[in-house]
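Single-letter residue listing:
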Amino acid sequence: MPPMKKLLFYLVVLCVLCSCREKEAQYVSITGFAQGGTYSITASLPQGETAELLKRAVDDTLAAIDRSISGYNPGSVISRANRGENPPLDPIFIDIFHKSKEIWKVSRGAFDPSCAPLFDIWGFGFEKGGSVPSQSATDSAKAVIGMNLYDIVADGDGTDRLTMPRGGKLNFNAIAQGYSCDAVAELLLSYGCENYIIEIGGEIVCRGISARGDMWRIWIDSPEEGNMESGVKKQDIISITDCGLVTSGNYRKFYYGADGRKYSHTIDPATGRPVEHSLLSATVIAPDSATADAFATWFMVIGNEAARELLASEAALDGIGAYLVYEEEGKMCSWHTSGLILESEQQR
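Residue indices begin from 1 for each chain and proceed along its sequence in written order. With the structure being a predicted model, the display of local features is reserved for residues of pLDDT at least 70 and the display and counting of side-chain atom pairs for 80 or more, all residues being used for whole-chain, interface and lining totals. Working from all heavy atoms in the structure, the side-chain values ignore hydrogens and water.

Please explain the overall build of the protein chain as it appears in this structure.
To qualify as a helix, a DSSP run of H or I must reach at least 4 residues; to qualify as a strand, a run of E must reach at least 2; elements of each kind are numbered from the N terminus. Along the protein chain, the regular secondary structure elements total ten helices and 17 strands. Across the 348 residues that make up the protein chain, the buried fraction comes to 47%. By the convention used here, residues are in contact when the closest approach between their heavy atoms is within 4.5 Å. Considering only residue pairs separated by 6 or more positions, the protein chain has 59% of its internal contacts joining residues 24 or more positions apart. As presented, the protein chain carries roughly 17,200 Å² of accessible surface, and 53% of it is formed by carbon and sulfur atoms. Partly exposed describes any residue whose relative accessible area lies between the buried limit of under 20% and the exposed limit of over 50%, with all areas from a 1.4 Å probe on protein chains only and scaled to the type maximum. We get accessible surface area from the Shrake-Rupley algorithm with a probe of 1.4 Å; when it comes to residues, only the shown protein chains can shield them.

It is not clear to me how the packing of aromatic side chains should be interpreted in this structure. Could you clarify?
Centre distance within 6.5 Å is the pairing criterion for rings of Phe, Tyr and Trp, where only the six-membered ring of Trp is used; planes under 30 degrees apart are then read as stacked, over 60 as edge-to-face, and the remainder as tilted. Taken as a whole and assessed by the stated rule, the structure comprises six aromatic pairs. Look at tryptophan 298 and phenylalanine 299: their rings are 5.7 Å apart centre to centre, the planes differ by 45°, and that puts the pair in the tilted class. The burial state of tryptophan 298 is the same as that of phenylalanine 299; both residues are buried. Here the aromatic cluster, defined as three or more aromatic residues joined through ring pairs, consists of Phe93, Phe97 and Phe172.

What is the right way to look at the state of the cysteines in this model?
Two cysteines form a disulfide when their sulfur atoms are joined by a covalent bond. When two cysteine sulfur atoms are found within 2.5 Å, that pair is recorded as a disulfide. For the structure shown, the criterion picks out zero disulfides. Cysteine cysteine 243 shares no disulfide, and the gap to the nearest cysteine sulfur, in cysteine 206, comes to 4.5 Å. Classification of cysteine 243 by relative accessible area gives buried; the value is 8%.

Next comes the structure, spelled out in structure tokens:
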């Protein structure tokens with residue numbers, strides 16, 4: 001190549017490289033408060049967008065979700081519905097209701113937001129109970145449980161309303177934070193963010209690559225009783241991308257009754273009582289965080305052996321991964337589906 005042409009070639013390559021660097025997205029961190037806890041986001045922000053503008057949009061999105069499905073907000077749609085006010089339903093409520101009902105069917109009732117009356121009388125809901133409920137109170141609560149008893153119908157004024165049994169209530173806590181992660185993920189994509197990790201109250205959804213240029217590395221807490229703070233005691237680290245990840249467990253939300261027995265916050269809709277089995281925590285990886293959130297609760301309801309059987313045999317669970325920690329003969333053991341990238345196994 002003649003010297004002049006070679007010089008022009010290198011100049012063109014240099015200009016292209018400089019242009020790419022100018023357009024290269026910068027990773028930013030955004031934090032805030034939401035749903036009684038905190039959220040954190042790390043994302044590659046396209047040129048022309050600012051972290052401040054994105055944070056305002058995130059806060060607005062989470063506030064809209066709070067106004068719809070937060071049982072801790074007395075003015076929310078779900079709180080008004082639970083009080084029997086029959087409010088008009090917004091798109092957020094309708095969307096999470098239908099997704100919850102779909103998973104309720106797949107789980108054969110193990111995942112059930114209509115268990116709200118049971119959560120309340122056992123002291124894990126929006127209304128704090130003070131002691132272990134009587135069998136009659138449990139039976140009364142069970143009478144209004146089952147998503148088949150709840151539906152959304154069009155009203156004569158053109159709005160959608162919730163139909164529910166007298167005394168019935170809904171509690172979307174077992175899917176709400178995962179759903180919120182997915183909603184924020186859609187927002188980030190609309191801003192042109194191709195690489196991000198979103199964490200809301202411990203629930204996670206991620207896409208693309210980290211600032212290191214590799215997959216996102218997620219710390220899984222050891223489900224030891226007394227481990228009340230995330231990121232202190234490690235069970236393992238898992239590398240993921242383009243998915244949601246949620247861990248559910250019974251090692252942080254429980255109490256001991258006057259009878260000296262331990263009562264966990266995971267309620268089995270079939271029995272109306274807190275579960276008693278060997279599964280300590282269930283980490284679920286799914287295409288979206290809402291599904292991972294609901295499935296983690298499902299697995300915590302049915303326990304270690306049943307969850308493993310389902311993961312091995314159910315066609316409906318294709319694309320679902322899990323990391324289960326359980327107790328066996330006084331020792332903490334773990335099991336996981338194939339294909340997960342775990343730090344503990346890479347170090348062997």
